[in-house]
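Fold and geometry: a report
Chain by chain, the residues:
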Amino acid sequence: MNATHDLSPREPENALDQILRQELRWEVTPMLTAQLLALVPGAPVLMPASVRPKSWYSLLVLVLTAVAIGFSLSVAWQFYSVVGAELGIEEMLAQIQAAPAIGIQRLYDALPISRQFVGVLIIVRNQLHWLLLAVVLWLALDGWQPHRLTQRRTS
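All values reported here derive from a predicted model rather than from experimental measurement. (Residues numbered from 1 in each chain as written. Predicted model: local features only at pLDDT ≥ 70, side-chain atom pairs only at ≥ 80, totals over all residues. Heavy atoms only, no water.)

Before going further, it helps to spend a moment on the overall build of the chain. Helix and strand counts for the chain come out as seven helices and zero strands. Along its sequence from the N terminus, the chain presents helices and strands in the succession α-α-α-α-α-α-α. Counting every position in the chain, which comprises 155 residues, the buried fraction comes to 5%. (Helix = DSSP H or I, 4+ residues; strand = E, 2+ residues; numbered from the N terminus. Buried < 20%, exposed > 50% of the residue type's maximum accessible area, 1.4 Å probe, protein only.)

Turning next to the packing of aromatic side chains. Taken as a whole and judged by the stated rule, the model has two aromatic pairs. Look at Trp56 and Tyr57: their rings are 6.0 Å apart centre to centre, the planes differ by 85°, and that puts the pair in the edge-to-face class. Relative accessible area serves as the criterion here: at 43%, Tyr57 is assigned to the partly exposed category. Ring plane angle 70° and centroid distance 5.2 Å describe the contact between Phe79 and Tyr80, whose orientation is recorded as edge-to-face. A relative accessible area of 55% places Tyr80 in the exposed class. (Phe/Tyr/Trp six-rings, centres within 6.5 Å; stacked < 30°, edge-to-face > 60°.)

What follows deals with helix H5 (residues 89-110). The terminal C-alpha atoms of H5 lie 31 Å apart, and with 22 residues this matches the ideal 32 Å at 1.5 Å per residue to within 8%. If you look at H5, its biggest bend is around 35°, right at Ala99, and the proline Pro100 turns up within four residues after that. (Expected span 1.5 Å × (residues − 1). Bend = angle between axes of the 7 residues up to and from the residue.)

Another point: the packing of H5 against helix H6 (residues 114-142). Remark: H5 packs on H6, axes separated minimally by 8 Å, with the N-to-C direction vectors making an angle of 135°. Judged on the interaxial angle alone, H6 and H5 are oblique. On H6, the residues that touch Gln105, Leu107 and Tyr108 of H5 are Ser114, Arg115 and Val118. Here the contact of H5 with H6 is composed, by residue class, of three nonpolar, two polar and one charged. (Axes fitted to C-alpha atoms, helices over the stretch in contact; angles between N-to-C directions. Parallel < 35°, antiparallel > 145°, perpendicular 65-115°, else oblique. Contact = heavy atoms within 4.5 Å. Nonpolar A, V, L, I, M, F, W, Y, C, P; charged D, E, K, R; others polar.)

Together, Phe79, Tyr80, Val83, Leu87, Ile89, Met92, Leu93 and Ile96 make up a nonpolar patch on the protein surface, roughly 810 Å² of accessible area in all. Elements with a contribution of two residues or more to the nonpolar patch: helix H4 (55-87) and H5. With respect to the secondary-structure elements, Phe79 resides in helix H4. (Patch = residues over 30% accessible without salt bridge, like charges linked within 9 Å, V, L, I, M, F, W, Y side chains within 5 Å. Areas by Shrake-Rupley, 256 points an atom, 1.4 Å probe, with all protein chains shown as cover. Salt bridge = Lys/Arg side-chain N within 4 Å of Asp/Glu carboxyl O.)

Next up on the list: the side chain of Ser114. Tracing the sequence through the fold places Ser114 in helix H6. Judged by relative accessible area, which is 8%, Ser114 ranks as buried. Those residues in contact with Ser114 that sit more than four places away from it in its chain are Leu107 and Tyr108.

This paragraph deals with the confidence of the model for the chain. Scored by pLDDT, the chain has a mean of 83; 81% of the residues are at 70 or more. The weakest mean pLDDT in the chain belongs to helix H1 (residues 3-7) at 49; the strongest belongs to H4 at 94. In the predicted structure, residues 1-5 sits below a pLDDT of 50 and forms zero contacts with residues beyond four places in sequence or in another chain. (pLDDT = per-residue confidence, 0-100.)

Structure, rendered in structure tokens:
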């Protein structure tokens, strides 16, 4: 083959070739260039320029993202409420919410002494709830920091 054949113009590209050519082009970021040059001995040191978007742009992107998420959630809420109404999910949820009360009532009917046992469990649960709340408040107000606790154990 002769060398001029390789340099001759190529046959016309189709649309897929043009799209792939544009999408497969990769431009190296300055930070990657600096990291690769740091691996080569004797290469010049390049400082990567930190480019940050302007604050108004960041705020605009944040607001638009919040609006898009809110809109998506409202559309999903509407869709699932319609689907839920068609499938009878509200009735199922009402039955699920009523199931513990029905189960406890059946337990009371079968074993009358269970009323006292359930009453004791409720009192213990309430006391544990207040104890947990007191511990959390004490730790929050005392300024508990986990790394101080581990330092004390290691020393």
